[in-house]
Amino acid sequence: MGAAISERGKIGPPADRTTLGTKLDLIPLLALVGVTVVWGGTFVVVKDVTQQASPMDFLAVRFLIATAVLLALRPRWPVNPSRTMWGRGVLLGLMLCGAYIAQTYGQQHTSASISGFITGLAVVFTPVLGGMILRKRIGLACWSSVAVATTGLAVMSLKSFTIGFGESLTLLCAIFLAMHITALGEWSGTGDAYVLTVVQLGVVGSVCLALGAMDGIVLPATWSFWAPVVGLAVLATAAAYLVQTWAQARLPASAVAVVLTLEPVFAGVFGVVVDGDEMTLRIVIGALLVLGAMFLAELRPKSPARSRKTSES
């Protein structure tokens, strides 16, 4: 099992992920918010980079560099990673790969705002999958936060909406993301988060490399391409997914999905600050609703066992 830092500074088991509301939860929660800040800032960067290379070539390089960085930082690979660990890492990688590919090609056939909204619907699919597949009881606080987050995304992103090819692909992306969040929530506390992260990122990079090689890998030899790609690989991929894997061992998947809806909020902020986009009332209201949804997720009641444990410490 994974480990968490207890209030006395010792290493203990991960926190109970069925509830939120203790000080211990704030560390992974804030770490995950930090991840959404980084991912929100990547929209502007990725837009520029994919004008210099094909999306598949870019994804292959980004994820393979991220995998190499993690391997370099921890060259002593565990002696005997279990087959279960390998299998879970591969499945997580395939889910993540499906999400990125569907989103990348979907964005070519729909607007960025619609893409952001539909991708954010992973917040709806995550508790649904948890209830249907894992037989987890989804409480009123969870559904309330999901509803508020979805409303916020709609207010912030939608002007008109039709279902076409691009929207369908992006919806598939949201489903893959929900599957990834749900599975990662179940598996991240059962082994080495580092190994799990390396395997899934390696799978994404390898699959994208194989698909990109069909048309030939063409990468520009320019600083304007490689500098942001390396930055994306190190910060927005290697570090971000390592933090997400660690955090999900300590947070319920449905709450993670709500927190991740902050990504388009920060994307909007970076768009205003960096790209000079207009800060509209819709963006402000939508962002406030998403923040409110995260607050609702944080307010979910404790279980009796958790309450007794907290009072005894």
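Residues numbered from 1 in each chain as written. Predicted model: local features only at pLDDT ≥ 70, side-chain atom pairs only at ≥ 80, totals over all residues. Heavy atoms only, no water.

### Quick word on the overall build of the protein chain
In step 1: Helix and strand content of the protein chain: 13 helices and 2 strands.
In step 2: By the burial criterion, 48% of the 313 residues in the protein chain qualify as buried.
In step 3: The long-range fraction of contacts in the protein chain, counting pairs at least 24 apart against all pairs at least 6 apart in sequence, stands at 88%.
In step 4: Accessible area of the protein chain: about 15000 Å², with a carbon and sulfur share of 68%. (Helix = DSSP H or I, 4+ residues; strand = E, 2+ residues; numbered from the N terminus. Buried < 20%, exposed > 50% of the residue type's maximum accessible area, 1.4 Å probe, protein only. Contact = heavy atoms within 4.5 Å. Areas by Shrake-Rupley, 256 points an atom, 1.4 Å probe, with all protein chains shown as cover.)

### Topic: the side chain of threonine 67
In step 1: On the secondary structure map, threonine 67 appears in helix H2 (residues 55-73).
In step 2: The residues touching threonine 67, leaving out its near neighbours within four places in the chain, are Val198, Leu201 and Gly202.

### A short note on helix H5 (residues 122-132)
Side chains that are three or four residues apart share a direction in an α-helix, a result of its 3.6 residues per turn.
In step 1: Turning to H5, its buried residues number three or more, namely Ala122, Val123, Thr126, Pro127, Leu129 and Gly130. The buried residues of H5 all sit within an arc of 155° when viewed along its axis, so they share a single face. (Arc of directions from axis to C-beta.)

### Structural notes on the environment of leucine 289
In step 1: Relative to the helices and strands, leucine 289 is located in helix H12 (residues 281-298).
In step 2: Look at leucine 289 and you get partly exposed, because its relative accessible area is 28%.
In step 3: Placed 142 residues apart in sequence, leucine 289 and alanine 147 show a C-alpha to C-alpha distance of 9.8 Å.
In step 4: Not counting chain neighbours up to four residues away, the residues in contact with leucine 289 comprise Val148, Thr151, Gly152 and Val155.

### Section: the confidence of the model for the protein chain
In step 1: The pLDDT averaged across the protein chain works out to 78; a share of 78% of its residues lies at or above 70.
In step 2: Averaged over each element, pLDDT in the protein chain is lowest for strand S1 (residues 4-5) (33) and highest for H2 (94).
In step 3: Counting contacts from residues 1-24, a segment whose pLDDT is below 50, to residues more than four positions away or on other chains yields 61 contacts.
In step 4: Taken as a whole, residues 301-313 scores under 50 in pLDDT and shows 16 contacts with residues more than four places along the chain or in a different chain. (pLDDT = per-residue confidence, 0-100.)

### With respect to the packing of helix H8 (residues 193-213) against helix H9 (residues 223-248)
In step 1: Two elements in contact, H8 and H9, have axes separated by 9 Å at closest approach and are oriented at 130°. Accordingly, the angle class assigned to the pair H8 and H9 is oblique. Read as a crossing pair, H8 and H9 show a hand that is right-handed. Listed contacts from H9 to Ala193, Tyr194, Leu196, Thr197, Gln200 and Leu201 of H8 are Thr237, Ala238, Tyr241, Leu242, Thr245 and Trp246.
In step 2: Within the contact of H8 with H9, the residues separate by chemical class into 8 nonpolar, 4 polar and no charged. (Axes fitted to C-alpha atoms, helices over the stretch in contact; angles between N-to-C directions. Parallel < 35°, antiparallel > 145°, perpendicular 65-115°, else oblique. Left-handed = near helix turned anticlockwise from the far one by under 90°. Nonpolar A, V, L, I, M, F, W, Y, C, P; charged D, E, K, R; others polar.)

### A short note on the packing of helix H3 (residues 83-106) against H8
In step 1: One can describe the packing of H3 onto H8 by two numbers: an axis separation of 7 Å at closest approach and a directional angle of 50°. In terms of axis orientation, H3 runs oblique to H8. In this structure, H3 meets H8 at a crossing whose hand is right-handed. Along the contact surface, H3 presents Met85, Trp86, Arg88, Gly89, Val90, Leu92, Gly93, Leu94, Leu96, Cys97 and Ile101, while H8 presents Val195, Leu196, Val199, Gln200, Leu201, Val203, Val204, Val207, Cys208 and Leu211.

### Examining the packing of aromatic side chains
The description of an aromatic ring pair uses the distance of the two centres, along with the angle that the planes make with each other.
In step 1: For the structure shown, the criterion picks out 4 aromatic pairs.
In step 2: Arranged with centres 5.1 Å apart and planes meeting at 80°, the rings of phenylalanine 63 and tyrosine 100 form a pair that is edge-to-face. Here phenylalanine 63, found in helix H2, pairs with tyrosine 100, found in helix H3; they are 37 residues apart in sequence, far enough to count as distant.
In step 3: Taking 6.5 Å as the distance between ring centres and 40° as the angle between the ring planes, the aromatic pair formed by phenylalanine 63 and tyrosine 241 counts as tilted. With a gap of 178 residues between them, phenylalanine 63 in helix H2 and tyrosine 241 in helix H9 connect regions that are remote in the sequence. (Phe/Tyr/Trp six-rings, centres within 6.5 Å; stacked < 30°, edge-to-face > 60°.)

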